[in-house]
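# A look at the structure
Residue strings, one per chain:
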Amino acid sequence: MPRFDRYMLSQLTILFSFFALVLVSIYWLNQAVKLFEQLIGDGQSALVFLEFTALGLPNIIRLVLPLAAFAGTIQVMNRLTNESELVVMQAVGCGPWRLARPVLVFGAIVALIASVLTHALVPASQAQLSERSNEISRDITARFMSEGQFLHPAPGITFYIREITPAGELRDMFLSDARREDRRTTYTAKRALLVESETGPKLVMFDGMAQVLIHETRRLSTAGFDDFTYDIGALLAARVPQPQRLRVQSTLTLLDPPHALLRATGATRAEALQEAHARFSAPLLAVAGALIGYGALLLGGFSRFGVGRQIALAVVLLIGVHLVDNSAADMARRDASLWMVSYLAPGLGIAMGALLITLSGRRRRLPGETRA
């Protein structure tokens, strides 16, 4: 039997690797297209594009591992059933739970890989991605500070500077903001400064005027100001990827988040706890997916008509588990005392798989079939 366990485990590993590669490629291509438009369109090199896509890979792999484990288990069980290998093992006296041993080992291995990703690699890569995003944002901002040219840093924005002094002061500045369909706002100032802040670069204008044109009424309103601050960073935020700030923190920090971190990120204690416990519960979805796939296909036994209904049942159950996971995450983010619901979805999935395996051992036997 250990030989059959090794054989089944090797088949699960091979098919899991195949599906993981396919799913990662699909997710990666989807994100790579968006990154290419943002980074290459802003004049960044191909090396920067490859760096950003590489830093995003750990998070993509973390997302697809449970799905790949489920798909690999389904495919292996379908093959063993069609080639009657599973029937032979059942005929020699192996019950459903005995045959589930390599599936459990396989699910535990995938869960361990996912845990390493969620607790170590993803936070580290997201922290590096956040740092590089800030650097790219500063580079883009500096490139927009060109004198004597009409620049368009974002759709609907027109920016002009007559002169930039050696001290960095902007002279005779013009800024037109037409992002809103119902109005256009125009700022003019004799002097301006570009300053850095914790939330990104700010444009501070002096001795200027703001003009607001309402398109529907064709009414123009004007207001003079001595000084006015405009958030340039908000215009550039969408041009480079901005990782979630909680995701860059370590798990131990999120389990007991300091007030300074919550103030800096604008997150609540409930959101920090949900992020921390999701890192423990998400890898368990791989175990749940493997057990659901194994139990559902084992439930029907051998059939000349295939296992389409069993596969459909497994897919429906897995979708239900992920819907519960999303609902539980929303609940945990709203109330810090409900952090335990983060484990509801994987617990429910494992229980479903165990129930299917148990039912497969008690299914009605055909005439002449002996009890193993």
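Here, the structure is the one placed above.
Cut-off values and rules
- Residues numbered from 1 in each chain as written.
- Predicted model: local features only at pLDDT ≥ 70, side-chain atom pairs only at ≥ 80, totals over all residues.
- Heavy atoms only, no water.
- Helix = DSSP H or I, 4+ residues; strand = E, 2+ residues; numbered from the N terminus.
- Buried < 20%, exposed > 50% of the residue type's maximum accessible area, 1.4 Å probe, protein only.
- Contact = heavy atoms within 4.5 Å.
- Axes fitted to C-alpha atoms, helices over the stretch in contact; angles between N-to-C directions.
- Parallel < 35°, antiparallel > 145°, perpendicular 65-115°, else oblique.
- Nonpolar A, V, L, I, M, F, W, Y, C, P; charged D, E, K, R; others polar.
- Core = buried A, V, L, I, M, F, W, Y, C linked by side-chain atoms within 4.5 Å.
- Polar contact = N/O pair within 3.5 Å; in protein donor to acceptor, adjacent residues only side chain to side chain.
- Patch = residues over 30% accessible without salt bridge, like charges linked within 9 Å, V, L, I, M, F, W, Y side chains within 5 Å.
- Areas by Shrake-Rupley, 256 points an atom, 1.4 Å probe, with all protein chains shown as cover.
- Salt bridge = Lys/Arg side-chain N within 4 Å of Asp/Glu carboxyl O.
- Pairing = 2+ DSSP bridges.
- Expected span 1.5 Å × (residues − 1).
- Bend = angle between axes of the 7 residues up to and from the residue.

The next point concerns the overall build of the protein chain. Along the protein chain, the regular secondary structure elements total twelve helices and six strands. The burial tally for the protein chain puts 42% of its 372 residues in the buried class. Nonlocal contacts in the protein chain, meaning residues at least 24 apart in sequence, comprise 62% of its contacts between residues at least 6 apart.

Once that is clear, we can look at the packing of helix H9 (residues 269–281) against helix H11 (residues 308–334). Between H9 and H11, the shortest axis-to-axis distance is 6 Å and the interhelical angle comes to 140°. Taken as axis vectors, H9 and H11 run oblique relative to one another. Contacts between H9 and H11 involve Ala270, Glu271 and Gln274 from the first element and Ala329, Ala332, Arg333 and Arg334 from the second. Its residues placed into classes, the contact of H9 with H11 shows three nonpolar, one polar and three charged.

Another point: the nonpolar core. Judged by nonpolar contacts, the single largest core of 44 residues is most densely connected at Met8 and Tyr294. Those elements that place two or more of their residues in this core are helix H1 (2–41), helix H2 (46–82), helix H3 (85–91), helix H5 (101–144), helix H10 (284–300), H11 and helix H12 (344–361). At ten residues, H10 tops the list of elements feeding residues into this core. Here Tyr294 is in contact with Met8, Thr73, Met77, Pro96, Leu99, Ala100, Val103 and Ile357, once residues within four sequence places are set aside. Core analysis: the second largest hydrophobic core is formed by 16 residues, Ile161, Leu170, Ala189 and Phe225 among them.

Before going further, it helps to examine the side chain of Asp177. Mapped onto the secondary structure, Asp177 falls in strand S3 (residues 170–177). Within the structure, the side chain of Asp177 is placed 2.9 Å from the side chain of Tyr230, a separation counted as a polar contact. The contacts of Asp177, once residues within four sequence positions are left out, are Gly156, Ile157, Arg183, Arg184, Thr185 and Tyr230.

A cluster of nonpolar side chains, namely Phe18, Val22, Ile26, Tyr27 and Leu63, defines an oily patch on the protein surface of about 450 Å² accessible area. By relative accessible area, which is 52% here, Ile26 ends up exposed.

Let us now look at the sheet that holds S3. Read from one edge of the open sheet, six strands run S1-S2-S3-S4-S5-S6, paired in antiparallel fashion. The sheet terminates laterally at strand S1 (150–151) and strand S6 (219–231), the two strands that pair on one side only. Two strands pair when backbone bridges link them, and S3 and strand S4 (residues 183–195) are joined in this way by seven bridges, in the antiparallel orientation. Bridging across to S4, Phe174 finds its partner in Thr188.

With that settled, consider H2. For H2, built from 37 residues, the straight-helix expectation of 54 Å at 1.5 Å per residue is missed by more than 12%, its first-to-last C-alpha distance being only 47 Å. In H2, a bend of some 40° at Val64 exceeds every other bend along the element, and Pro66, a proline, comes one to four places later. At the C-terminal side of H2, Ser84 shows a positive phi close to 65°.

The next thing to look at is the environment of Asp330. Position of Asp330 among the secondary structure elements: in helix H11. Residue Asp330 is classed as partly exposed on the basis of its relative accessible area, which comes to 36%. Separated by 56 residues in sequence, Asp330 and Gln274 have C-alpha atoms that sit 8.9 Å apart.

Here the focus is the pairing of S3. Here strand S2 (residues 157–164) runs beside S3; their pairing, made up of seven bridges, is antiparallel. Bridged to Tyr160 within S3 is Phe174. Where S2 hands over to S3, the hairpin turn is made up of five residues, of which Gly168 adopts a positive phi near 90°. Taking the residues between adjacent antiparallel strands as the criterion, S3 and S4 are bridged by five residues.

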